[in-house]
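So the chains spell out like this:
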Amino acid sequence: MAYDVAERASDRGCIAEALCMSGHQTHHPETVRWLPCSVAEGDAGVAVLCSYLDKCRPGSGWDRIGHGFLAAGAQMAEQTTPLQPGLYSGLSGLAFAVVSLCRHGARYQRLLAALDDEVAPRASAMAWHLRSRRGGMSVSDFDLISGASGVAAQLLLRDPHRRLPELLSSLVWMTAPMEGAPRWATPPELMGDETMRRSFPSGNLNCGAAHGIPGPLSVMSLALRAGYAVPGQAEAVRGLADWLLAHRCDDQWGINWPTAIPLPASRETPAGRQPLPARSAWCYGSPGVARALWLAGEALDDNCLRQCAVEAVAAVMRRPVAARHIDSPTFCHGVAGLLQIVLRFANDTLLPFLTEAANQLVGQLLAAYEPDRPLGYASLEPGNHPVDRAGLLDGAAGTAMVLLAAATDVEPTWDRLFLLS
């Protein structure tokens, strides 16, 4: 089933059909787009899928198929000025796709060098921008999707110009303890989402793995484990892990976290509601936070952090399926993302209950398969409204990769994109 979906998700005709259909299906047409240079929703993401297929079935031509998607992404990047450095829709994501297909540097050397030259000055500018912020910042300044955490995640793989220390130093500065709200607090005027502004009229501190502080925590932890450290980095990892533990929002099944913590109300705005537990997804909720805490525990060799992370995942699996609020089979806010996190925990801990949890989630994904749809899977919008999407983040490509990770013993190194490894 994984290979069937992967073949569809890497077929130009199926992608075009799904893109045409999704424009009529979605209640949010602004989200339907296909950007060749994007790993989230574009050719670069399909190239990452092909790189994993090539490792799972070497000699089957997946590297050649991936080359076509990579070429389309590189062409768009060359024609787009200026292209942002971010991981999910920018130069860093395209660089990630090239590294994935380069056979340890044996291929695409000129393209890699060109991307290195383009990413390096933008990484420095991003580091400077972080330090220049006063009065709070947008999550896109530091998050995984568009910000410094995502660029740092790519530089952990390849950094010939040695710009990673600059980004790590800025993340340490951003998260340093201080009086009042942390530097990474987001005031309402810098929130790009109207729903967030209404929910947090005085601003907030974002707890999501995709857009919040787990991103900096994870990438600084991964850097420590890989031997990349700047002054204050270990202390920053400890401080952020302690902050997340102090802002738990447990429910009847156990450890949980909210989407965000409201900032104290100003004189002009009323006090915000008490935070409620988020859904059990990678992007927001305890699965993504738990993985960040596990990585921090590994970096600091702190067994208490590791145990807390495992217990948070156990609490997710104790929740009834309906109470997890992740009906979509896709990665970002769906079952595939939760499964990939559980697979990582099962592999790291060898705990039988996590293996069983992975089996249950695989069964849930298999039951959602719809062979008559263009891609075999549809993304479910709120209200379980199906939309045919091909991409890695919200579409069938991401689901196929997780199914392959569950069905094979090939290391899913691609999940660095989600700061899971």
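The name given to the protein in an unreviewed UniProt entry is Lanthionine synthetase C family protein, and the organism recorded there is Streptomyces goshikiensis.

Caption draft 1: Molecular detail of the environment of Leu-244. Within the secondary structure, Leu-244 is located in helix H12 (residues 233-246). When sequence neighbours within four positions are dropped, the list of residues in contact with Leu-244 reads Ile-213, Pro-214, Leu-217, Trp-257, Val-289 and Leu-293.

Caption draft 2: Structural view of the packing of helix H6 (residues 109-132) against helix H8 (residues 148-155). Contact geometry of H6 with H8 gives a least axis separation of 10 Å together with a crossing angle of 140°. With respect to H8, the element H6 is oriented oblique. The handedness of the crossing between H6 and H8 is left-handed. Seen from H6, the contacting residues are Val-119, Ala-123, Met-126 and Leu-130; seen from H8, they are Ala-148, Val-151 and Leu-155. Here the contact of H6 with H8 is composed, by residue class, of seven nonpolar, no polar and no charged.

Caption draft 3: Structural context of the packing of aromatic side chains. Within the structure shown, the criterion is met by 11 aromatic pairs. Relative to Trp-243, the ring of Trp-184 has its centre 5.1 Å away and its plane inclined at 80°; by these criteria the two rings are edge-to-face. With Trp-184 in the loop between helix H9 (164-175) and helix H10 (194-199) and Trp-243 in helix H12, the pair connects residues that are 59 residues apart, well separated along the chain. Here the aromatic residues Tyr-52, Tyr-88, Trp-282, Phe-331, Trp-414 and Phe-418 are joined through ring pairs into a cluster of three or more. For the cation-ring pair, Arg-57 lies above Tyr-3, with the distance from its terminal atom to the ring centre recorded as 3.5 Å. One Lys or Arg, Arg-183, reaches over the ring of Trp-173 and ends 4.2 Å from the middle of that ring.

Caption draft 4: Spotlight on the side chain of Gln-25. As for its position among the elements, Gln-25 is in helix H2 (residues 12-25). At 2.7 Å, the side chain of Gln-25 forms a polar contact with the side chain of Asp-388. In contact with Gln-25, other than residues within four places in its own chain, are Arg-373, His-385, Pro-386, Val-387 and Asp-388.

Caption draft 5: Representation of the packing of helix H3 (residues 43-56) against helix H4 (residues 62-79). Relative to each other, H3 and H4 sit at 160°, their axes nearing to 8 Å. When the axes of H3 and H4 are compared, the pair comes out roughly antiparallel. The handedness of the crossing between H3 and H4 comes out as left-handed. Counting all contacts with H3, which are made through Asp-43, Val-46, Ala-47, Cys-50, Leu-53 and Asp-54, the residues of H4 involved are Trp-62, Asp-63, Ile-65, Gly-66, Phe-69, Leu-70, Ala-72 and Gly-73. Looking at the contact of H3 with H4 residue by residue, the classes come out as nine nonpolar, two polar and three charged.

Caption draft 6: Up close: the environment of Ala-18. Positionally, Ala-18 belongs in helix H2. Under the relative-accessibility criterion, Ala-18 is labelled buried at 1%. Once residues within four sequence positions are removed from consideration, Ala-18 is found in contact with Leu-375 and Asp-388.

Caption draft 7: Highlighting the pattern of salt bridges. The final tally for this structure, using the stated rule, is 22 salt bridges. With its nearest N and O atoms 2.9 Å apart, the salt bridge here joins Arg-107 to Asp-63. Placement of the pair is Arg-107 in the loop between helix H5 (91-101) and H6 and Asp-63 in helix H4, with a sequence separation of 44 residues. Its relative accessible area of 12% is what places Asp-63 among the buried residues. One salt bridge connects Glu-298 with Arg-306, and the closest N-O pair in it is separated by 3.0 Å. By sharing partners, the salt bridges in this structure join Asp-54, Asp-63, Arg-103 and Arg-107 into a single network.

Caption draft 8: View of H4. Taking 1.5 Å of rise per residue, the 18 residues of H4 would be expected to cover 26 Å, and the 26 Å separating its terminal C-alpha atoms lies within 8% of that figure. All of the buried residues along H4 are Trp-62, Asp-63, Gly-66, Phe-69, Leu-70, Gly-73, Ala-74, Met-76 and Ala-77. Along the axis of H4, the buried residues cluster in a sector spanning 160°; they form a single face. Exposed residues pointing more than 90 degrees away from the buried face of H4 are listed as Arg-64, Glu-78 and Gln-79. On its buried face, H4 is in contact with helix H1 (2-9), H2, H3, H5 and H6.

Parameters at a glance
Residues numbered from 1 in each chain as written. Predicted model: local features only at pLDDT ≥ 70, side-chain atom pairs only at ≥ 80, totals over all residues. Heavy atoms only, no water. Helix = DSSP H or I, 4+ residues; strand = E, 2+ residues; numbered from the N terminus. Contact = heavy atoms within 4.5 Å. Axes fitted to C-alpha atoms, helices over the stretch in contact; angles between N-to-C directions. Parallel < 35°, antiparallel > 145°, perpendicular 65-115°, else oblique. Left-handed = near helix turned anticlockwise from the far one by under 90°. Nonpolar A, V, L, I, M, F, W, Y, C, P; charged D, E, K, R; others polar. Phe/Tyr/Trp six-rings, centres within 6.5 Å; stacked < 30°, edge-to-face > 60°. Lys NZ or Arg CZ within 6 Å of the ring centre and 35° of its normal. Polar contact = N/O pair within 3.5 Å; in protein donor to acceptor, adjacent residues only side chain to side chain. Buried < 20%, exposed > 50% of the residue type's maximum accessible area, 1.4 Å probe, protein only. Salt bridge = Lys/Arg side-chain N within 4 Å of Asp/Glu carboxyl O. Expected span 1.5 Å × (residues − 1). Arc of directions from axis to C-beta.

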